[in-house]
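Inside the fold
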Amino acid sequence: MLKHLIKEKKLMIIKLEPVNDNNREAVLALSVREDQPFVATNKVSLRQADEANAEQPGVARPFAIYADEKLVGFCMFVFNPEEEDEDDRYWLWRFMIDKSEQGRGCGQAALQEIIKYFKENGADRLFLSTEPENERGLHIYHKAGFRETGIIDSGEAVLMRMLKGPNRVIKNLYGVDVDKAMHIKGRKGCGVSIAVHDVDGDLVTYCAGSGRYGEDFPVNPDMLFQAGSVSKPMFALTLLRYVDKGIIDLDADISGVVPEFAGKGPVTFAALLSHTAGYNLHGFPGYPAKHEPLSLEDVLNGKGVTPRLRRIRPYGKQHMYSGGGIILAELAFTRMTGTTLREAFQKEVAEPLGLKRTGFFQPLDEELVSDAAFGFRLAQKEDPAHGYHYYPEHAAAGLWTTPTELVKIGLALSKSYRKGGFLKKKTARRMMTPVMDSCGLCVYNLRGDIGEHDGWNEGFLTEWLFSLREDLCVASMFNRSTEELDWKQSYMAIELFQTMEEKLTEMPGKRSLKAVCGKYGHPDDAEICVDEVFMQDGKLYAKFFGGDGEFTSQLYPIGKKTFGRKGGFAKIIFGENCLTVNGITCKKL
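The present account deals with the structure reproduced in this document. Small disclaimer: the values here were computed from a predicted structure and weren't measured.

**Some remarks on the overall build of the protein**
- Broken down by element type, the protein carries 19 helices and 25 strands.
- Here the C-alpha coordinates of the protein stretch approximately 100 × 65 × 45 Å along the principal axes.
- Sorting the 589 residues of the protein into buried and exposed places 54% on the buried side.
- Sequence-distant contacts, at least 24 apart, represent 62% of the contacts inside the protein between residues at least 6 apart.

This is the structure we're talking about:
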């Protein structure tokens with residue numbers, strides 16, 4: 001009996017042999033079960049390996065997997081130790097066990113041999129990705145020590161395993177430590193959801209923490225968050241679709257449509273959307289989720305928790321952010337079109353862009369509550385089943401959405417700006433052209449080539465950035481709102497955006513960089529100017545003077561002789577013995 005048990009427990013001997021002319025046909029004959037659609041065919045994998053190696057020899061390494069001298073599977077590695085981004089150096093690109101060999105431990109044994117291969121060849125960490133629905137595969141990977149990173153890249157969950165030191169998951173997105181920046185701790189704290197459409201054309205999501213404070217309720221890419229003031233550009237997009245159809249004129253006086261609130265003088269959609277109409281009511285705190293419904297007229301008449309709308313500044317003379325002005329625009333829009341904003345957004349924005357999880361859901365539909373985030377402690381303080389506020393001010397604060405769908409909207413607007421499409425080109429450009437203080441029509445134009453808006457509802461924060469030059473967009477949503485976390489989320493999103501943007505333009509050579517270094521003169525009353533440009537550790541920096549005092553920032557290329565400022569949105573253009581920063585000329589001394 002003892003001999004029998006020893007025989008049964010005999011260690012399986014796994015060998016990895018490079019795919020070659022002798023075993024290629026046998027590898028091609030391997031296949032998985034019909035209920036395992038997550039694995040590409042070996043024919044596709046070997047073709048991709050040939051393509052990758054033609055571009056960069058040796059980066060793709062395909063292997064046949066043998067168990068006790070019998071061919072049982074196939075795997076393929078990305079092995080690129082020279083890659084600058086350490087998270088792109090070592091990947092288990094493909095892994096499969098033939099359907100006839102599954103269920104006897106080949107997969108787990110093969111993974112251990114794969115891990116050994118990477119360790120012996122100097123790798124300190126190993127990544128792989130698979131569909132989140134691949135439960136069998138995830139079970140095997142978890143047993144081998146792989147853990148989710150929170151990233152989903154092109155629809156596949158990214159897992160990693162440390163190969164040196166403790167097997168802890170290093171969570172970062174494009175080199176940015178999101179959890180540290182946003183104070184994500186454990187599975188029952190606050191949660192963050194991020195989506196990035198990067199310069200390679202990939203949609204990448206990152207989720208961490210809990211969607212409901214105090215509960216083990218992991219954030220997922222489809223979880224709904226309140227968008228706060230990012231609702232405003234979504235209302236503007238909806239309205240601009242009617243402008244493109246000739247139904248609405250941005251510059252027509254609409255005071256006759258809303259005479260009880262317009263006050264003296266003209267009112268146009270253009271002035272209301274650019275916050276230059278002079279109205280009060282900066283923002284709205286919202287109401288407990290089950291509060292009795294309020295109409296737009298109720299809000300504007302001051303029948304809720306905010307004062308009555310009134311004009312407090314001269315029309316068209318200054319930019320004064322006004323959520324109340326946006327609600328006045330919404331009321332005029334609904335009266336002119338005979339439809340609600342929720343209905344109009346669904347027809348004019350959600351359906352054309354294929355959005356399934358975005359809308360002015362006020363109050364939130366009960367069937368959507370099960371996968372909705374709650375705002376920090378609102379569930380404990382007000383309603384355990386509905387931990388969020390009701391916002392009857394739909395256009396100003398009433399949008400529910402996901403970062404992924406905000407990215408889709410950002411890309412559609414960017415493409416419209418460049419060549420037309422979802423909006424006519426001239427309409428998109430009108431929306432993005434600053435009227436005052438960088439504000440266009442419900443969206444800010446930063447540096448002349450970046451669209452931006454942020455949002456703050458009770459218990460929710462949102463940051464939305466998109467390029468007007470490329471298909472690049474970042475959206476971040478968080479279920480807690482404090483001033484500290486607000487600016488931290490903004491800087492984190494800016495860092496993600498600029499990390500991607502930096503890859504679009506090649507850094508000039510050291511000789512060219514040194515040529516622009518030196519001291520620069522500048523006007524004493526300039527809003528922002530450059531005092532000095534210098535090199536440090538091979539990177540270009542500038543010393544700025546401005547409204548925030550003196551500060552130093554790294555510069556990165558965004559075009560020919562044009563640089564952006566890390567952590568901000570100044571644009572520096574170098575010329576002959578001078579530079580301009582946001583239109584201010586500084587001569588080289």
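There's plenty left to go through after this.
**Side note on the environment of Thr505**
- With respect to the element layout, Thr505 can be found in the loop between α18 (483–501) and α19 (510–515).
- Counting along the chain gives 257 residues from Thr505 to Ile248, while the straight-line C-alpha distance between them is 40 Å.
- Apart from the residues lying within four places of it in its own chain, the contact partners of Thr505 are Pro557, Ile558 and Gly559.

**Description of the packing of helix α7 (residues 231–244) against helix α11 (residues 323–337)**
- Direction vectors running N to C along α7 and α11 enclose 30 degrees, while the axes themselves pass 11 Å from each other. By the angle between their axes, α7 is roughly parallel relative to α11. You can see that α7 and α11 cross each other, and the crossing is left-handed. Where α7 abuts α11, its residues Lys232, Phe235, Thr238, Leu239 and Tyr242 lie against Gly323, Ile326, Ala329, Glu330, Phe333 and Thr337.

**Regarding the state of the cysteines**
- One pass over the structure, following the stated rule, counts zero disulfides.
- Free of any disulfide, Cys439 has its nearest cysteine sulfur in Cys442, 6.9 Å distant.
- Free of any disulfide, Cys473 has its nearest neighbouring cysteine sulfur in Cys207, separated by 16 Å.

**Examining the pairing of strand β17 (residues 473–478)**
- Among the six residues in β17, six count as buried, and that is most of the element.
- Where strand β8 (residues 191–197) meets β17, six bridges bridge the pair, whose relative direction is antiparallel. The partner of His197 across the bridge, within β17, is Cys473.
- With six bridges connecting them, strand β16 (residues 460–467) and β17 associate as antiparallel partners. From the neighbouring strand, Phe466 faces β17, where its bridge partner is Cys473.
- Counted along the chain from β16 to the antiparallel partner β17, the turn is five residues long.

**Side note on the pairing of strand β22 (residues 562–565)**
- Of the two faces of β22, the one carrying Thr562 and Gly564 and the one carrying Phe563 and Arg565 are both buried.
- Sheet topology places strand β21 (residues 549–559) next to β22; four bridges connect them, and they run antiparallel. Note that in β22 the partner of Gly559 across the bridge is Thr562.
- Here β21 folds back onto β22, and the loop between the two strands holds two residues, one of which, Lys561, carries a positive phi near 55 degrees.
- Bridge count between β22 and strand β23 (residues 571–575): three bridges; the pairing is antiparallel. Bridging from a neighbouring strand, Thr562 pairs with Ile573 of β23.
- Counting the residues that bridge the hairpin from β22 to β23 gives five residues, and of these Gly567 lies at a positive phi of roughly 85 degrees.

**Some details on the environment of Tyr520**
- The residue Tyr520 is located in the loop between β18 (518–519) and β19 (528–536) in this model.
- Overall, Tyr520 belongs to the buried group, its relative accessible area being 2%.
- Counting along the chain gives 422 residues from Tyr520 to Asp98, while the straight-line C-alpha distance between them is 67 Å.
- Excluding residues that lie within four positions of it along the chain, Tyr520 makes contacts with Val530, Asp531, Val533, Phe574, Cys578, Leu579, Cys586, Lys587, Lys588 and Leu589.

**Concerning the pattern of salt bridges**
- Using the criterion set out here, one finds 27 salt bridges in the structure.
- The partner of Glu101 in a salt bridge is Arg104, with the nearest N and O atoms 2.8 Å apart.
- With its nearest N and O atoms 3.1 Å apart, the salt bridge here joins Lys290 to Glu366. In this pair, Lys290 is assigned in the loop between β11 (287–288) and α10 (296–300) and Glu366 in helix α13 (residues 366–369), connecting sequence segments 76 residues apart.
- By relative accessible area, which is 57% here, Lys290 ends up exposed.
- Members of the salt-bridge network, linked through shared partners, are Glu86, Asp87, Asp124 and Arg125.

**What about the nonpolar core?**
- Counting 87 residues, the largest nonpolar core has Met234, Leu273 and Trp464 as its most contacted members.
- Of the residues forming this core, the biggest block, eight residues, is contributed by α7.
- Sequence-distant contacts of Leu273, that is, excluding residues within four places in its chain, are made with Phe235, Ala236, Leu239, Leu250, Ile326, Ala329, Gly440, Leu441 and Cys442.
- One finds Cys190, Tyr321, Leu465 and Ala493 within the second-largest nonpolar core, a separate group that totals 53 residues.

**Some remarks on unusual backbone geometry**
- Of the consecutive residues Gln362 and Pro363, the connecting peptide bond is found in the cis state with omega at 0 degrees.
- Note on placement: Pro363 falls in the loop between α12 (341–353) and α13.
- Backbone geometry places Asp68, a non-glycine residue, at a positive phi of 50 degrees.
- A positive phi is found at Asp537, a non-glycine position, where the angle reads about 55 degrees.
- By secondary structure assignment, the location of Asp537 is in the loop between β19 and β20 (539–546).

**Digging into the packing of aromatic side chains**
- All chains considered together, the criterion is met by 26 aromatic pairs.
- Measuring from centroid to centroid gives 5.2 Å for Phe544 and Phe551, while their planes differ by 10 degrees, and the two rings are stacked. As far as the burial class goes, Phe544 and Phe551 line up, both buried.
- A connected cluster of aromatic rings, assembled from ring pairs, spans Phe63, Phe77, Phe79, Tyr90, Tyr117 and Phe118.
- Here Arg212 stacks its cationic end above the ring of Phe217, 4.2 Å away from the centre of that ring.
- One cation-aromatic arrangement involves Arg480 over Phe376; the distance from NZ or CZ to the ring centre is 4.1 Å.

**Quick word on the sheet that holds β18**
- With respect to topology, eight strands assemble into an open sheet ordered β18-β19-β20-β21-β22-β23-β24-β25, the strand pairing being antiparallel. Edge positions in the open sheet fall to β18 and β25 (584–587), since each of these has one partner strand only.

**Thoughts on helix α17 (residues 425–432)**
- When α17 is considered as a whole, its buried residues turn out to be Thr427, Ala428, Met431 and Met432. For α17, the buried positions fall inside an angular range of 130 degrees around the axis, keeping them on one side.
- Structurally, α17 contributes buried residues whose contacts are with α7, α16 (403–419), β14 (444–446), β15 (450–457) and β16.

Cut-offs used in this document
Residues numbered from 1 in each chain as written. Predicted model: local features only at pLDDT ≥ 70, side-chain atom pairs only at ≥ 80, totals over all residues. Heavy atoms only, no water. Helix = DSSP H or I, 4+ residues; strand = E, 2+ residues; numbered from the N terminus. Buried < 20%, exposed > 50% of the residue type's maximum accessible area, 1.4 Å probe, protein only. Contact = heavy atoms within 4.5 Å. Axes fitted to C-alpha atoms, helices over the stretch in contact; angles between N-to-C directions. Parallel < 35°, antiparallel > 145°, perpendicular 65-115°, else oblique. Left-handed = near helix turned anticlockwise from the far one by under 90°. Disulfide = S-S within 2.5 Å. Pairing = 2+ DSSP bridges. Salt bridge = Lys/Arg side-chain N within 4 Å of Asp/Glu carboxyl O. Core = buried A, V, L, I, M, F, W, Y, C linked by side-chain atoms within 4.5 Å. Phe/Tyr/Trp six-rings, centres within 6.5 Å; stacked < 30°, edge-to-face > 60°. Lys NZ or Arg CZ within 6 Å of the ring centre and 35° of its normal. Arc of directions from axis to C-beta.

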